[in-house]
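Here are the chains, one letter per residue:
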Protein chains: 6
Amino acid sequence: MTEKIGLFTGSFDPVTNGHLDIIARASKLFDKLYVGIFDNPNKNYLFSLSERTQLLQEDLDKFGNVELLVHQPELTVRIAAEKHVTALVRAVRTASDFDYEANMIYFNREMTGVETVLLVAQPELAMISSSRVRELSGFKQDVSRFVPANVNKSLEEKFGRN
Amino acid sequence: MTEKIGLFTGSFDPVTNGHLDIIARASKLFDKLYVGIFDNPNKNYLFSLSERTQLLQEDLDKFGNVELLVHQPELTVRIAAEKHVTALVRAVRTASDFDYEANMIYFNREMTGVETVLLVAQPELAMISSSRVRELSGFKQDVSRFVPANVNKSLEEKFGRN
Amino acid sequence: MTEKIGLFTGSFDPVTNGHLDIIARASKLFDKLYVGIFDNPNKNYLFSLSERTQLLQEDLDKFGNVELLVHQPELTVRIAAEKHVTALVRAVRTASDFDYEANMIYFNREMTGVETVLLVAQPELAMISSSRVRELSGFKQDVSRFVPANVNKSLEEKFGRN
Amino acid sequence: MTEKIGLFTGSFDPVTNGHLDIIARASKLFDKLYVGIFDNPNKNYLFSLSERTQLLQEDLDKFGNVELLVHQPELTVRIAAEKHVTALVRAVRTASDFDYEANMIYFNREMTGVETVLLVAQPELAMISSSRVRELSGFKQDVSRFVPANVNKSLEEKFGRN
Amino acid sequence: MTEKIGLFTGSFDPVTNGHLDIIARASKLFDKLYVGIFDNPNKNYLFSLSERTQLLQEDLDKFGNVELLVHQPELTVRIAAEKHVTALVRAVRTASDFDYEANMIYFNREMTGVETVLLVAQPELAMISSSRVRELSGFKQDVSRFVPANVNKSLEEKFGRN
Amino acid sequence: MTEKIGLFTGSFDPVTNGHLDIIARASKLFDKLYVGIFDNPNKNYLFSLSERTQLLQEDLDKFGNVELLVHQPELTVRIAAEKHVTALVRAVRTASDFDYEANMIYFNREMTGVETVLLVAQPELAMISSSRVRELSGFKQDVSRFVPANVNKSLEEKFGRN
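1. Quick word on the overall build of chain A
When helices and strands are tallied, chain A shows 6 helices and 5 strands. Written out in order from the N terminus, the α and β elements of chain A read β-α-β-α-β-α-β-α-β-α-α. The C-alpha radius of gyration of chain A comes to 16 Å, within 12% of the 15 Å expected for a compact globule of 162 residues. C-alpha atoms of chain A, sized along the principal axes, occupy 50 × 35 × 30 Å. Pairs at least 24 residues apart make up 74% of the contacts formed inside chain A by residues separated by at least 6 positions. As presented, chain A carries roughly 6,600 Å² of accessible surface, and 47% of it is formed by carbon and sulfur atoms.

In structure tokens, the structure reads:
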């Protein structure tokens, strides 16, 4: 049996319970799962790369077969080739996400032959996104249902909480 | 490493190149892939169960890790539990398929905890379905681009060809 | 202030937690809410009209301003006119429901001028439908998370439970 | 009977016939309807806040139970809580609007418990948006079918008309 | 210049203002437009083939370059080849129609190389369908806004009118 | 027979095989087809107007009835009126494109009465867009399957190729 290797990438600014659910589920599909965190020097993040890396690493510690990768925003498919990845993992939340994902999947396969599997977000987590978390935190709203405890604490330190 | 096992089910009335592409791709994702062929005695099929089984088996012979299962139309999730399946595999062709699939995935997980991965059909295969193949064959049209050679031959014997 | 009156209709074969959530929410929007249960003599129901009426009535007792109506499958808009309804209430679960609802709303307004408000199902209830409940119960699956206790008991009596 | 209070918010840059149709319909659903006009100092509007307020107020005068609110771009839900709002009102034009609205509705309810009702735009008004009106006016096109007379006059003064 | 020939087909049970708008628009796109009316002996129509043909012919008389074709429910593409058709014409009303149409277009082209153009229904006509007209007429509702005068008269004779 | 004239417009930054397929198909629908290339001085293009014009002209030479128009980013409908255009041609790739196109079509007709026909992109070309081509070229990927030879050469000169 060849080792089955997955790769799930994102900005994780910040990591949410939605991301962690996909990671937990993907970690059971593959023998090894890489989680790739992008850094794009031209983009404005709420959390710096080192903050995002630390928060995500803390939340990944409980998974035995998950390894965090930090990389420049190259084409994901290059990382996939280098790490002998069996399939990329993408989360899809609504039908309106689908056409975008299908397009990415097509070009990733055309460029390098890499496979992609879609995992459908659980209904109670499908509404959450990092951008919504940032927006609500900016209004000092309680987002503790949507993010892991360490992220919640960091957001509270940045913005305060009503 | 636990063995990773997939299950892809359908009526396969008849099997198309679209099905075979999904099976080929899924066979690389898992250590072992089951392909489940349903028989519902209350349903009218173009091909009998034994015809469908024979046609599909011929096309699966080239895959080293794919095994055909024939079963009554029970809940797929029961077969999944019995065979220690890691994940069900579903093909999705268009955004309009998505909400239906998301609903099935939800109930399959709620009932038994089984995971489902979606594979997006390749653009040139996304248009093909068994029902379209049956309809076009009924009009004696050439469907040889859409089905494997053995299915094409069986359709020609049933309907003739212009 | 004119009395604000709502009307929510369905087959309720059987009533689900999804229906009851919409009814609870709509009962707060209107001074009075009618819940209309259809009977179409040409249609096959799992539960008879008197069973459906009894189950639904039991679940509506806790609402102070909700009244059950039983009627032949006439155009809903006629009931609406007769009862001086301010607006019909419809639940919508996914984007793929939307175009169908928009069409119904258009013709209901064109025919009689009646208004319709859409309530979006909560994510954790959006997956539930009466047809899925009937199908799962037919496979003796536990549907107690999806229906009120009295419906669950009735389904268990009809089908048994694994 | 508790008073039923609605809240419909927007930038109204400028108010269109589509907005006014939703306001007219919502004013019949509720005993009182607030219309909230946002001002975001960081955003570029075609019409200033005082222009937008004046234009909208002129068009709301004919409604007996509609009151205009001007506010900073806080979370709408805070205004809703302060004004004891029964439900937010949102217009939805196409299926592609739906997932976005469903997401907003979810978070508004999660944050504060506020309800939201969707009204489907009438087909002949569903195409209109403030941004399209601004774009067409910029090309000196006649938009008098799409906006109230006072807005049409203001647009003509700003841009001229072919 | 080669003659440009279009073909628009349907059951026309009965023809609606929506169909007639598409026919009027398509008649300007092509030098000649065929309108094909299907007869499927296995299908239940409200109007017989001769009734549908007569009603449609009356409404097509005003178009100088439109010719009615009556035919068995063969593949439309065969008629298209026989009549040297430049393109099939299809009406599309909503995004949810699109994937179905795209599939039909694909197979029509694959089978015979025939082109298809889509015309988007006007908003105020996009809600109308023959099936909705039949349903509303069955409830004795006034459908005179949705169908030509001769169809309205025939529906009234069949069903009466409230 | 009046001359049937089509107009297909875009930025063509750069022209892709998807554009050329639509142009080839549209050139058969009309006696004459104009292809309009926009220049918006406020927009950042990868290729200058003269580069885009030259590349596109080279690829249009083989069509006997296609003429290239270069123009400022006025409303397309003005060009259409000036050139006595029978219909605008738009390509549509997915259901998620549809609502946007339907809106544009509506306003173009409302403003000037001009008709629009939609051509559905072929499945194997539906994934391609100029923006994806620019993005992939920026990563030095081989895009020769997606663009004509002259564009491929120009992209290679700009970016190099892995």
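2. Here we look at the relation of the copies chain A and chain F
Once turned by 120° and shifted 0.0 Å along the axis, chain A lies on chain F with an RMSD of 0.0 Å. Accordingly, the operation relating the two chain copies is best matched by a three-fold axis. Distance from the rotation axis, computed per C-alpha, reaches its smallest value in chain A at A:S96: 4.2 Å.

3. As for the interface of chain A and chain F
Frequently, the measure chosen for interface size is the accessible area that the parts lose on association. With 12 residues of chain A at the interface, the matching set in chain F holds 14 residues. By the criterion of area lost to chain F, the three top residues of chain A are A:L75, A:F107 and A:M111, representing 41% of everything that side buries. For the pair chain A and chain F, the interface holds 1 salt bridge. Put simply, F:R145 and A:E110 hold a salt bridge, and the shortest N to O gap is 3.0 Å. Where chain A touches chain F, the interface holds 5 residue pairs in polar contact (both at pLDDT 80 or more). With 8 residues, helix α4 (residues 95-112) of chain A is the single largest residue contributor to the side of chain A that touches chain F. By residue class, the composition of the side of chain A that touches chain F is 7 nonpolar, 1 polar and 4 charged.

4. Re the relation of the copies chain B and chain A
Expressed as a screw operation, the relation of chain B to chain A combines 0.0 Å of axial shift with a rotation of 180°, fitting to an RMSD of 0.0 Å. What the rotation and shift describe, once combined, is the action of a two-fold rotation axis. When the interface residues of chain B are mapped onto chain A, 100% of them again fall at the interface, so both copies present the same face.

5. Some thoughts on the packing of aromatic side chains
Two aromatic rings, taken as a pair, are described by how far apart their centres are and by the angle between their planes. Considering all chains together, one arrives at 27 aromatic pairs over all chains under this definition. Ring plane angle 70° and centroid distance 5.2 Å describe the contact between C:F107 and E:F146, whose orientation is recorded as edge-to-face. Here the residue C:F107 occupies a position in helix α4 (residues 95-112), and E:F146 occupies one in the loop between α5 (130-138) and α6 (149-159), the pair thus bridging two chains. This pair shows no difference in class: C:F107 is buried, exactly as E:F146 is. An angle of 65° between the planes, with centres 6.0 Å apart, marks the rings of F:F8 and F:F12 as edge-to-face. An aromatic cluster of three or more residues is present, and its members are A:Y106, A:F107 and F:F146. The side chain of B:R52 reaches across the aromatic face of B:Y45, ending 3.7 Å from its centre.

6. Details of the side chain of A:K4
Positionally, A:K4 belongs in the segment before β1 (5-10). The buried charged residue A:K4 lacks any salt bridge, with B:D31 as its nearest oppositely charged partner at 4.4 Å. Not counting residues up to four positions away in its chain, the partners in contact with A:K4 are A:F30, A:D31, A:K32, A:T86, B:K4, B:K28, B:L29, B:F30 and B:D31.

7. A look at helix α2 (residues 49-60) of chain C
Residues and elements named next belong to chain C. Here α2 contains 12 residues, and its C-alpha end-to-end distance of 16 Å stays within 8% of the 16 Å for a straight helix at 1.5 Å per residue. Where α2 is concerned, the buried positions are R52, T53, L55, L56, D59 and L60. Turning to α2, the residues buried within the fold contact α1 (17-29), β2 (32-38), β3 (66-71) and α6 (149-159).

8. Describing the confidence of the model for chain A
Residues with a pLDDT of 70 or more make up 98% of chain A, whose mean pLDDT is 92. Predicted confidence in chain A is weakest over helix α3 (residues 76-82) of chain A, with a mean pLDDT of 87, and strongest over helix α1 (residues 17-29) of chain A, with 98.

9. As for the arrangement of the chains
With no contact between them, chain B and chain D keep their nearest C-alpha atoms 12 Å apart. Between chain C and chain F there is no contact; the minimum C-alpha to C-alpha separation amounts to 12 Å.

10. Some points on the interface of chain B and chain A
Taken together, the 29 residues of chain B in the interface contact 29 residues of chain A. Across the interface of chain B and chain A, roughly 2,400 Å² is buried in total on both sides, 65% from carbon and sulfur atoms. Inspection of the region where chain B meets chain A yields 2 salt bridges. With its nearest N and O atoms 2.8 Å apart, the salt bridge here joins A:E115 to B:R25. Taken together, the links from chain B to chain A amount to 5 residue pairs in polar contact (both at pLDDT 80 or more). Elements that contribute at least two residues to the side of chain B that touches chain A include exactly α1 (17-29), β4 (87-92), α4 (95-112) and β5 (115-120) of chain B. For the side of chain B that touches chain A, the per-class residue count stands at 15 nonpolar, 5 polar and 9 charged.

11. Re the environment of D:V147
Residues and elements named next belong to chain D. Mapped onto the secondary structure, V147 falls in the loop between α5 (130-138) and α6 (149-159). On a C-alpha basis, the gap between V147 and I128 in space is 8.9 Å, while along the polypeptide they are 19 residues apart. The contacts of V147, once residues within four sequence positions are left out, are V15, T16, N17, V133, N152 and L155.

12. Overview of helix α1 (residues 17-29) of chain E
All names here are of chain E. In this model α1 runs 19 Å from its N-terminal to its C-terminal C-alpha over 13 residues, within 8% of the 18 Å that 1.5 Å per residue would give. Across the 13 residues of α1, 10 count as buried, placing the element largely inside the fold. Taken as a whole, α1 has its buried residues at G18, H19, L20, D21, I22, I23, R25, A26, S27 and L29. Where α1 begins, the capping side chain belongs to T16, and its oxygen is found 3.1 Å from the backbone nitrogen of G18.

13. As for the pairing of strand β5 (residues 115-120) of chain C
All names here are of chain C. A large share of β5 lies buried, amounting to 6 of its 6 residues. Of the two faces of β5, the one lined by E115, V117 and L119 and the one lined by T116, L118 and V120 are each fully buried. Of the pairings in the sheet, the one linking strand β4 (residues 87-92) to β5 comprises 6 bridges and is parallel in character. Bridge pairing in β5 places A91 opposite L119. Where the polypeptide runs from β4 across α4 and back to β5, its parallel neighbour, the crossover connection is right-handed.

14. Brief notes about the pattern of salt bridges
Enumeration according to the criterion identifies 66 salt bridges over all chains in this entry. Salt-bridge contacts for A:K158 lead to A:E51; the nearest nitrogen and oxygen are separated by 3.5 Å. Taken together, the positions of A:K158 in helix α6 (residues 149-159) and A:E51 in helix α2 (residues 49-60) put the pair 107 residues apart, joining distant regions of the chain. Note on A:K158: relative accessible area 36%, which makes it partly exposed. Note on A:E51: relative accessible area 32%, which makes it partly exposed. Linked by salt bridges that have partners in common, A:D21, A:R25 and B:E115 make up one network.

15. Looking at the pairing of β4(C)
Summarising the sheet, strand β1 (residues 5-10) of chain C and β4(C) pair through 2 bridges and their orientation is parallel. Looking at β4(C), one finds that C:L7 is bridged to C:L88.

16. Brief notes about the side chain of B:T76
With respect to the element layout, B:T76 can be found in helix α3 (residues 76-82). The contact partners of B:T76, leaving out residues within four places of it in the chain, are B:L7, B:T9, B:F38 and B:L88.

17. Some thoughts on unusual backbone geometry
In this model, D:D13 is joined to D:P14 through a cis peptide bond whose omega is 5°. In this structure, C:H84 is a non-glycine residue whose phi angle is positive, near 55°. Mapped onto the elements, C:H84 comes out in the loop between α3 (76-82) and β4. For C:H84, a relative accessible area of 62% corresponds to the exposed category.

18. A short note on the environment of C:K62
Along the chain, the position of C:K62 falls in the loop between α2 and β3. Along the primary structure C:K62 and C:V15 are separated by 47 residues, whereas in three dimensions their C-alpha atoms are 15 Å apart.

Calculation rules
Residues numbered from 1 in each chain as written. Chains lettered and ligands numbered in written order. Predicted model: local features only at pLDDT ≥ 70, side-chain atom pairs only at ≥ 80, totals over all residues. Heavy atoms only, no water. Helix = DSSP H or I, 4+ residues; strand = E, 2+ residues; numbered from the N terminus. Rg over C-alpha atoms; globule rule 2.2 N^0.38 Å. Contact = heavy atoms within 4.5 Å. Areas by Shrake-Rupley, 256 points an atom, 1.4 Å probe, with all protein chains shown as cover. Least-squares fit on C-alpha atoms with pLDDT ≥ 70 in both. Buried area = accessible area lost by both parts, 1.4 Å probe. Salt bridge = Lys/Arg side-chain N within 4 Å of Asp/Glu carboxyl O. Polar contact = N/O pair within 3.5 Å; in protein donor to acceptor, adjacent residues only side chain to side chain. Nonpolar A, V, L, I, M, F, W, Y, C, P; charged D, E, K, R; others polar. Phe/Tyr/Trp six-rings, centres within 6.5 Å; stacked < 30°, edge-to-face > 60°. Buried < 20%, exposed > 50% of the residue type's maximum accessible area, 1.4 Å probe, protein only. Lys NZ or Arg CZ within 6 Å of the ring centre and 35° of its normal. Lys, Arg positive; Asp, Glu negative; His and termini not counted. Expected span 1.5 Å × (residues − 1). pLDDT = per-residue confidence, 0-100. Pairing = 2+ DSSP bridges. Right-handed = clockwise from strand over helix to strand, strands pointing away.

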